[in-house]
Amino acid sequence: MAILEEPIKEVEKLKNYINGEWVESKSGEILDIVNPATQKVISKVPMSTPDEVNAAIKAAKEAFPEWRETTPLARVRCLFRLKELLEENFEQLSRVQTQEHGKTIDESRGETRRGIEMVEVGTGIPSLMMGYNLEDIATGIDEYVIYQPLGVFGHIAPFNFPFMVPLWYSPFALATGNTFVVKPSPRDPISQVKLAELLDEAGIPPGVYNVVHGGAEAASILTEHKDIKGITFVGSTKVGKDIYKKCGEVGKRVSAQTSAKNFMVVMPDADIAGTIPALMTSFFGNAGQRCLSGANLVIVGKDDAFYNKVLDAFVDTASKIRVGYGLDESIQMGPMQSIDGKERVLGYIEKGMAEGAKLLLDGRKADIIGDYPETCFVGPTVFADVTPEMTIAKEEIFGPVASVMRVKDLDEAIEMANRSNFGNANAIFTSSGKAAREFQYRIETGNVGINIGIVAPMAFFPFSGMKDSFFGVLHGQGRDAIRFFTESKVVIQRWL
Amino acid sequence: MKLNTASEVISFTKKLEGDSAKFYKDLSRRYAKDEGIFLSFVKENEKNIVQVERAYYGVITDALEGCFAFNIDPAEYSFKAELAEKVSYSETLDNAIEIEEKIIKFYSDAAEQSKSLMADVPRAFKMVAKKRGNRQSTLKSLLGKED
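Note that the structure is predicted; figures quoted are calculated from it, not measured.

Visitor: Give a detailed account of the overall build of chain A, specifying residues and quantitative values.
Guide: Per the secondary structure count, chain A includes 17 helices and 24 strands. In summary, chain A has a C-alpha radius of gyration of 23 Å against a globular reference of 23 Å for 496 residues, a match within 12%. Based on the C-alpha atoms only, the size of chain A along its principal axes is roughly 80 × 65 × 40 Å. Contacts in chain A between residues far apart in sequence, at least 24 positions, make up 72% of those at least 6 positions apart.

Here's what the structure looks like:
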């Protein structure tokens, strides 16, 4: 199979998008954006100065009154135009994601589609933002609630879904009448630049949507700025907790999706043939770099034959995964997005071995398809005989490492999963409705999969999460997002 | 090498439809009396690509097993798009019917393999397989009328 054409051909220094203009940063700190598969520098990103971040917030603040007064219908027409532009540029946007992140082209297209779906749901705001009312709460007195936008929201984006994750929030924020400042991940910010270009083309008014590049300093400014009404964040628990604390002190809204350690529970009555591909996507899709990834594979039952059958099929299929550059259509798993990410995974592999887990498939020895440097590549890795106390069973690895555990029954599986600090996305594979219902009822996790490996809620449902996997009250996407970006105002009226 | 990813299979679908379109275009030039039928096949090939691509791009998400949905050996379904020289019309039609058999098998196999993984994509494959079945019937009806 041929390698698909790379969309980014020339190295350019990215600009900030502030008040409807593309502005060159004055910062002297410029980072390379490296294609993790080829190790070629594909772009450069500035670590914007505090003044530049403040300028983006100021522009958003000044744009708010007029945008708020723009009718919901007019606001969503802008999103309709964006939707059309996203469809027209679908393939290019997807390839950019592969080039800057490393994921496979199927995964990138999937990410693009998910992002577009958020925009589609956002276009429903004229209906979705409606309040409610009741006549005659007392004789001749009516009461109603209206939802109003709050002002400027900031978004601090992760590296693992450079296109989609900011779209969990921005269409909802914009459609409800707020203005927005995005700080993309400095590792792969090009997708957000492309998105802003399309928003500009769609006619978003100056200042309503802004992109400012940077790292931790820019994120801190966004978090602490008095004119920012709320922060949406996706990233680690450590940072998410810190943002939640800082924002809580000053009464800002926060929706922070954070780390995960997800349990995939395979019951003795599971359909093995149908389960294995779902598990492959769950554990090794996006090279394991997502908060919905399977991390602990829990095989249920005392039957050795069943345990061995599942384990053998899992290891055998994982060992055949084609690892390489995601723009090669035959590739099933790309590299880690960064050297740091790979180093972290290698550290956990060492730790798993040191703590006594049995390494059945060693991703450090994976064959890389094509002539690419091994710098960021690590293949599917499977540990068996993992116990809940081991580090690899407890901590988020954020890479293609599966820890296989064995329990006697469903009770033990649920109890084990519920002991985890995290509560993002656990799944059960079974043909028993009773077992599925029991799992759904008792499992302490925001997203529950029943015969689904990647429990990714659609745009019209909230992207849930609990325990150390989420900080805040309202989640991204769906009705939660609409409530997050609006304040309810209650009116009680009597006409004399 | 086998095709495993959805992207590969979509690209292979385009290749099959493209090769098939070339075959029928050449056929329409050589056998002018049935030109209309063969050119309608060419047009249908273009629609098939749109139908399958639309299904794929419409449903592919990061949650679907797009990278693990298939196990297709392209060698099983490949065919020569060039018309053979010095063969009769009926032999050419026989060849076309055989080609259609391979393409129907491809779409049926692809639909079967991805039925629990790729949402609407298998349905699109099935629909094209059905259209190909109708085409095969049309080709069979031409046999015996070749003079």
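Visitor: How would you sum up the overall build of chain B? Please name residues and give values.
Guide: Counting its regular elements, chain B contains four helices and zero strands. What you see for chain B is a C-alpha radius of gyration of 16 Å, in line with the 15 Å of a compact globule of 147 residues. Expressed along its principal axes, the backbone C-alpha trace of chain B runs to roughly 55 × 25 × 20 Å. Taking all 147 residues of chain B together, the buried fraction comes to 37%. Of the contacts made within chain B by residues no fewer than 6 positions apart, 80% connect residues no fewer than 24 positions apart.

Visitor: Hey, could you go over the pairing of strand S8 (residues 179-183) of chain A for me, with residue numbers and the actual values?
Guide: All names here are of chain A. Within S8, five of the five residues are buried, leaving the element largely enclosed by the surrounding structure. Of the two faces of S8, the one holding Thr179, Val181 and Lys183 and the one holding Phe180 and Val182 are both buried throughout. Bridge count for strand S7 (residues 152-156) against S8 is five bridges, and the pairing is parallel. Paired with valine 152 across the two strands is threonine 179, which belongs to S8. In the sheet, S8 pairs with strand S9 (residues 209-211) via three bridges, with the strands oriented parallel. If you follow valine 182 over to S9, its bridge partner there is valine 211. The parallel pair S8 and S9 is bridged by helix H8 (residues 190-202), and the resulting crossover is right-handed.

Visitor: Account for the nonpolar core, with residues named and values stated.
Guide: Residues and elements named next belong to chain A. If you look at the biggest cluster of nonpolar residues, it comprises 105 residues, and the most contacted ones within it are Val265, Val266, Met267, Leu297, Val298 and Val404. When neighbours within four sequence positions are excluded, valine 404 is seen to be in contact with Leu297, Ile299, Leu311, Val382, Phe383, Ala384 and Val386. Leu82, Val121, Ala196 and Ala219 belong to the second-largest nonpolar core, a separate cluster that totals 79 residues.

Visitor: Before we move on, could you go through the environment of Leu292(A) and cite the residues and values that matter?
Guide: Residues and elements named next belong to chain A. With respect to the helices, strands and loops of the structure, leucine 292 is situated in the loop between helix H11 (272-284) and strand S13 (294-300). The exposure class assigned to leucine 292 is buried, which follows from the 24 C-beta atoms found within 10 Å. C-alpha of leucine 292 to C-alpha of valine 455: the two residues are 163 residues apart in sequence and 6.5 Å apart in space. Setting aside anything within four residues of it in sequence, one finds leucine 292 in contact with Asn262, Asn424, Ala425, Ile454, Val455 and Ala456.

Visitor: Give a description of the domain arrangement of chain A that names residues and reports values.
Guide: Residue and element names in this part refer to chain A. What the domain assignment reports for chain A is domain 1 (16-258 + 469-493) and domain 2 (262-450). Spacing between the C-alpha centres of domain 1 and domain 2 amounts to 31 Å. Counting residues at the interface gives 20 residues for domain 1 and 25 residues for domain 2. Counting residues per element, the ones that place at least two in the side of domain 1 that touches domain 2 are helix H3 (90-101) and helix H4 (105-122). Of the residues assigned to the side of domain 1 that touches domain 2, the class counts are five nonpolar, ten polar and five charged.

Visitor: An account of the interface of chain B and chain A is requested, with residue identities and associated values reported.
Guide: With 20 residues of chain B at the contact, the number on the chain A side is 23 residues. The leading source of residues in the side of chain B that touches chain A is helix H1 (residues 6-30) of chain B, at four residues. Looking at side-chain class alone, the side of chain B that touches chain A contains ten nonpolar, seven polar and three charged residues.

Visitor: A description of the packing of helix H2 (residues 72-88) of chain A against H4(A) should follow, citing residues and the corresponding values.
Guide: Residue and element names in this part refer to chain A. Closest axis-to-axis distance for the H2/H4 pair is 9 Å, and the angle between their directions is 155°. The pairing of H2 with H4 is recorded here as roughly antiparallel in orientation. Our pair here, H2 against H4, has a crossing hand that is left-handed. Along the contact surface, H2 presents Val76, Leu79, Leu82, Lys83, Leu86 and Glu87, while H4 presents Ile116, Val119, Glu120 and Gly122. Here the residues of the contact of H2 with H4 sort into six nonpolar, one polar and three charged.

Visitor: Provide a residue-level description of the sheet that holds strand S5 (residues 132-138) of chain A, including the pertinent values.
Guide: Residue and element names in this part refer to chain A. With respect to topology, three strands assemble into an open sheet ordered S5-S6-S24, the strand pairing being antiparallel. Both edges of this open sheet fall to S5 and strand S24 (486-494), since each of them pairs with a single strand only. On average, adjacent strands in this sheet sit at an angle of 25° to one another, irrespective of strand direction. The pairing of strand S6 (residues 141-149) with S24 spans nine bridges and is classified as antiparallel. Bridged to isoleucine 141 within S24 is arginine 494.

Visitor: Tell me about helix H13 (residues 339-354) of chain A, and name the residues and values.
Guide: Residues and elements named next belong to chain A. Compared with an ideal rise of 1.5 Å per residue, which puts 16 residues at 22 Å, H13 spans 22 Å between its outermost C-alpha atoms and is within 8% of the ideal. Those residues of H13 that sit buried are Gly341, Lys342, Val345, Tyr348, Ile349 and Gly352. Relative to the axis of H13, the buried residues are bounded by an arc of 120° and lie together on one face. In H13, the exposed residues that point more than 90 degrees away from the buried face are Asp340, Glu350 and Ala354. Taken from the residues just after H13, glycine 356 is the one with a positive phi, measuring 100°.

Visitor: Describe the sheet that holds strand S18 (residues 401-407) of chain A, listing the residues and the values that go with them.
Guide: All names here are of chain A. Read from one edge to the other, the open sheet built from seven strands follows the order S15-S17-S18-S13-S12-S20-S21, with strand pairing classed as mixed. Two strands in the sheet have a free side with no partner beyond their single neighbour: strand S15 (358-361) and strand S21 (447-450). Geometrically, the sheet is characterised by an average inter-axis angle of 25° between neighbouring strands, direction not taken into account. By the bridge criterion, four bridges tie strand S20 (residues 425-429) to S21 in an arrangement that is parallel. The residue bridging alanine 427 from the neighbouring strand is glycine 449, located in S21.

Visitor: Outline unusual backbone geometry, supporting the account with residue identities and numerical values.
Guide: All names here are of chain A. In this model, aspartate 136 sits at a positive phi of 55°, which is unusual for a non-glycine residue. Looking at the element boundaries, aspartate 136 is found in strand S5. The backbone of alanine 287 shows a phi angle near 55°, a positive value even though the residue is not glycine. Along the chain, the position of alanine 287 falls in the loop between H11 and S13.

Procedures and definitions
Residues numbered from 1 in each chain as written. Chains lettered and ligands numbered in written order. Predicted model: local features only at pLDDT ≥ 70, side-chain atom pairs only at ≥ 80, totals over all residues. Helix = DSSP H or I, 4+ residues; strand = E, 2+ residues; numbered from the N terminus. Rg over C-alpha atoms; globule rule 2.2 N^0.38 Å. Contact = placed C-beta atoms within 7 Å. Buried ≥ 20, exposed ≤ 12 C-beta atoms within 10 Å, placed from the backbone. Pairing = 2+ DSSP bridges. Right-handed = clockwise from strand over helix to strand, strands pointing away. Core = buried A, V, L, I, M, F, W, Y, C linked by C-beta atoms within 7 Å. Domains from an automatic or database assignment. Nonpolar A, V, L, I, M, F, W, Y, C, P; charged D, E, K, R; others polar. Axes fitted to C-alpha atoms, helices over the stretch in contact; angles between N-to-C directions. Parallel < 35°, antiparallel > 145°, perpendicular 65-115°, else oblique. Left-handed = near helix turned anticlockwise from the far one by under 90°. Expected span 1.5 Å × (residues − 1). Arc of directions from axis to C-beta.

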